[in-house]
Amino acid sequence: MEEETKIRRETESRLLEKVGEVITAIQAAKHVDQVIRALHSLAVLLFPLGSSLLSGSIDQPYRDQVLSVKAPSEKERSDSLQAFYQGAAFPALARVLLFDVASNWLACFPFSAQKHVYDVFFVNGVVNEVIQVLVPGPQQNRISGLNIDAVQANIERLLVLCLLENNGVIQMARKFGYLCKPRCVPDKKLREDVSRVAQIVTSVPDKARLTATPSLSSHSFFKQIILQLLSGVEAVTMSTKNEMDGTFLFIGETFSRICRRGSSDVLLREVTPQILRHIQSCLLSSNGSVSTDLIESNPGSHFWLKLMEVIVDPYAVERISEQLLNQLVAEDASDVEAYWTLWLLFNRLLRHQTAVRSIFLDKYLLWKVFPVSCLRWILQFAVLECPPTTNVQTESHVTDSLLDTVQRLAAVWSKREFVQSVSVEQQAYVTAGIGLCLEKMSKEELDKTKDVMHSILQGVSFRLESPAHLVRKMASSIALAFSKVIDPKNPLFLDEASCNEEYIDWEFGLTAPKKGTLSISNRMEKHTDEIKTSITSELAKNSKYETNNRVNDNEKCISKKLSVYELVDPDEIIDPAMLTCESVSDGNGEDNASENSDSSSDSSLQPYDLTDDDTDLRRNLSQLVDVIGALRKSDDADGVERALDVAESLIRASPDELTHVASDLVQTLVQIRCSDLAAEGEEESADGKRQGALVALIVTCPFQSLDTLNKLLYSANVDLSQRIMILDVMTEAAQELAHTKTMKPKHQTGVLISTISEPQPWFLPSNAGLPGAGSWKEISGSGTPLKWSKSYERELPLKPSQIKIGKTRRWSLRSQNAQSHINWSQNKFPVYAAAFMLPAMQGFDKKRHGVDLLDRDFIVLGKLIYMLGVCMKCVSMHPEASALAPPLLDMLRVREICHHKEAYVRRAVLFAASCVLLALHPSYVASALIEGNVEISKGLEWIRLWALEVADSETDRECYTMAMSCLQLHAEMALQASRALESAESSSSAKSVGLKSSLSRATIKIPYSNVQY
């Protein structure tokens, strides 16, 4: 032993001395051939190098010296190679090669010389030592006098040669296996060396330049080294156990580092297909029935069973398992293949490591969101712990792990905070988890649990109160699965659409993406339209809100365009009874004519229908008093239907009695029950007619109708649906009033002081002459430019006997001159805005009998805030907006509203705040600041701060989007107001009038700027 050590030291000293001579020769060289000769003299001692390979690359004087070098024996060369790379000789030479030679001489090397006397020191050397010299090179400090670009490009070239083209990574893995062979267990020093080398290898993409070869990019580089390591799996499995331990250490550490650097998807994209091929081969060899013994005894399984055990980083284990599930979905793996894949990699970790078990049973069931197929695999592997085969698992096979899992999921799912604050995607995922577990249980196993039944019933009741259809569908699906456990013969269907479904769709009608989470947001927007809560989708359309969200078939007949209504001549005599007959007679005229022609041409005698349907005894409702009487007769369904048919037409005719019966008619329309009186299937049509009549009442008789509606809004005699309907019709009426056209005389400014003399210069001819003659115009004369006089002309009217050809005469009941004095106004709403908003804002926070807007009736609160926002938008840029904005902002600032636990209410508040920003004119904001009105300044500053808070901490995705839009609107408004302030300051300074001192107390901030006014 001492003799071997002595020989090794002597060899290292001799090689170190030789390296010194080579370095001296390189530094003193004047020609490239001298450098080649010096490097060859050292390379021939280490590598089996043929001197004749360089004979054509150098000149004659140096060629003879190269050919005369004597090569050592094979044993001497092997000893020298180990001593060279394990001692200090290689690092000393590598520094000269990588910096001095690469910067000054390498570009002059012939290709054969570069390959055999330069690259050979790195490509044919010990890769573990070479990589530790090469990788830190690109990041070293610049050295004066060197071409640093050439140095870095050469190092990157050598990295590609050593690691990728020469398969250097798998060589390192085998080297560590060889080093571990003399030991029974890898010692601490070996583990440190493995960790250091794996860290250096995986850091290559980070240290490469941006202009480096694409092979050194993180995606391409990691893919190639992963393929290298996986390609040696068969060779490794055939090695001894100790050698495998060292190789596994390096492979596991490398895979962990790759996951740490965010490329776990690249790793699993290469690993998953190989594991699936192995599982499929096992299934084929056993005719589809696989057991654990068969998997473990297969030689190809040893690598995969051992791989995850050597990965000790919990983060890497989590990332590998997460990406594995996604890749199994992408590979369209079956349930059996997915189960055995998970079992092959994570079975031992799941049984012995608590952290891994927590990942599968806690994080992957409650925190992460996977496709439903992945959720099914997780439950099968980590909870049921048996393959998904009917021969293994029966209906009564439910483990304690399943019962514990159901109890934990149900406890979280049943909390009201979970329904209110957690995203819809997460709720759908946990709901599917509970449902899949319930499908594996029986009534006896369910009775063994403590609070599962209570938790499920509580969670179902909370979700049935939600305005979102998808959330209610979650409740109905769990209720159906739960009822099948209690009594399979009597399932409970809370949703009519699911009555004909044989299996429960735990994806809720959605196709789960292969990568990522369930895409439910779009589904949410679609279903929230059914309860008329389009706040989210409407803000995305630049605040162009559509009012009519009813889904009945007669929507086209009820929700008429607001600009269609024609002006009615007040002097015209109208028979109200004809209003109900026009549509019927017009629509049936052609059909009756065709029937008469068919009957007259028929040669056979047809009997008359003598049955009496009492049609002739029904009188047409032509008075509003009769309509009210018919609506109050709840036992006469036909009379109520006829009254609803004519109500809107009679109201829009504006009879004299309307103002006297408006209040009674509003109250009667609100309190009738269309669902009880209308025929089956016609409930939505009747409800639409009722809402159309209420909208017409508000438009034609605003004050009386609004007074009654505001009283009914907080009355204890109406239910939730009636309150929502009241707010809906007020919203529609506000928008209709905002788009109604009215005529008013145009104000014409005339000359206040008239003169007797003609208003023209003295040198023009007089305007006296024929009536209708035009004004005088100067003629641009021709000829010489010097003229002593100017010429003028004007148009004269035609004589009575003359006819001007080619003109069109316009006929009208009113003269063109009269029409030019008419101005059209397109917004009648500002006059009634206060009547819409102020009474509705009073008493919203009071808890009365049957009314609790801040807690239980949050849907009504959201609809109320939405209606107020629409009203603010309808008075946009009008003076009324400045008077109504402060009280609305005071209401929105109430903590129970702006921080409401329901995302539905928070969306409505964001919408209303955005409408306030759109409605306020920037000049008013500027004048309010100048006059010292701090209410507007405080309100706008609250909008900015609150929107920033929502954008930072909001869990609901739509609230975050609306908050960002609100900040954008605030920034635009603040910019316009600041410009108005600057113009006001400039005009005031020009007039030597200073601003009030109260301006300094009001501030308005522009986001992302330091400007403050």
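No experiment lies behind these values; they were computed from the predicted model shown. (Residues numbered from 1 in each chain as written. Predicted model: local features only at pLDDT ≥ 70, side-chain atom pairs only at ≥ 80, totals over all residues. Heavy atoms only, no water.)

(A) Region of interest: the packing of aromatic side chains. Scanning all chains against the criterion turns up 24 aromatic pairs. Note on Phe303 and Trp304: the rings are 4.9 Å apart at their centroids and 80° apart in plane angle, and the pair reads as edge-to-face. Through successive ring pairs, a cluster of aromatic residues spans Tyr339, Trp340, Trp343, Phe346, Phe360, Tyr364, Phe370, Phe381 and Tyr429. It is Arg95 that lies over the ring of Phe99; its NZ or CZ is 5.5 Å from the centre. Taking NZ or CZ as reference, Arg416 lies 4.2 Å from the ring centre of Phe462, over its face. (Phe/Tyr/Trp six-rings, centres within 6.5 Å; stacked < 30°, edge-to-face > 60°. Lys NZ or Arg CZ within 6 Å of the ring centre and 35° of its normal.)

(B) Layout of the nonpolar core. Ranked by size, the top nonpolar core spans 171 residues in total, and within it Phe84, Phe109, Phe121, Phe122 and Phe346 carry the most contacts. Those residues within four positions of Phe109 in sequence are excluded, and the remaining contacts are Val32, Val35, Ile36, Leu39, Val101, Gln114, Val117 and Tyr118. Counting 118 residues, the second largest nonpolar core, distinct from the first, contains Leu709, Ile724, Leu868 and Leu884. (Core = buried A, V, L, I, M, F, W, Y, C linked by side-chain atoms within 4.5 Å. Buried < 20%, exposed > 50% of the residue type's maximum accessible area, 1.4 Å probe, protein only. Contact = heavy atoms within 4.5 Å.)

(C) Quick look at the pattern of salt bridges. Under the criterion given, the structure shown has 31 salt bridges. A salt bridge links Glu253 to Arg257; the nearest nitrogen and oxygen atoms lie 3.3 Å apart. In this pair, Glu253 and Arg257 are both assigned in helix 15 (residues 241–260), four residues apart and thus about one turn of the helix distant. Arg257 sits in the partly exposed class, given a relative accessible area of 26%. Its salt-bridge partner being Arg690, residue Asp687 comes within 2.7 Å of it at the nearest N-O pair. In this pair, Asp687 and Arg690 are both assigned in helix 37 (residues 683–700), three residues apart and thus about one turn of the helix distant. You'll find Asp687 and Arg690 in the same group, each marked buried. One connected set of salt bridges, linked through shared partners, spans Lys189, Asp193 and Arg196. (Salt bridge = Lys/Arg side-chain N within 4 Å of Asp/Glu carboxyl O. Helix = DSSP H or I, 4+ residues; strand = E, 2+ residues; numbered from the N terminus.)

(D) Broad picture of a negative patch on the surface. Together, Glu2, Glu3, Glu4 and Glu10 make up a negatively charged patch on the protein surface. Tracing the sequence through the fold places Glu4 in helix 1 (residues 2–28). Residue class for Glu4 comes out exposed when judged on its relative accessible area of 55%. (Patch = residues over 30% accessible without salt bridge, like charges linked within 9 Å, V, L, I, M, F, W, Y side chains within 5 Å. Areas by Shrake-Rupley, 256 points an atom, 1.4 Å probe, with all protein chains shown as cover. Lys, Arg positive; Asp, Glu negative; His and termini not counted. Charge placed at Lys NZ, Arg CZ, Asp CG, Glu CD.)

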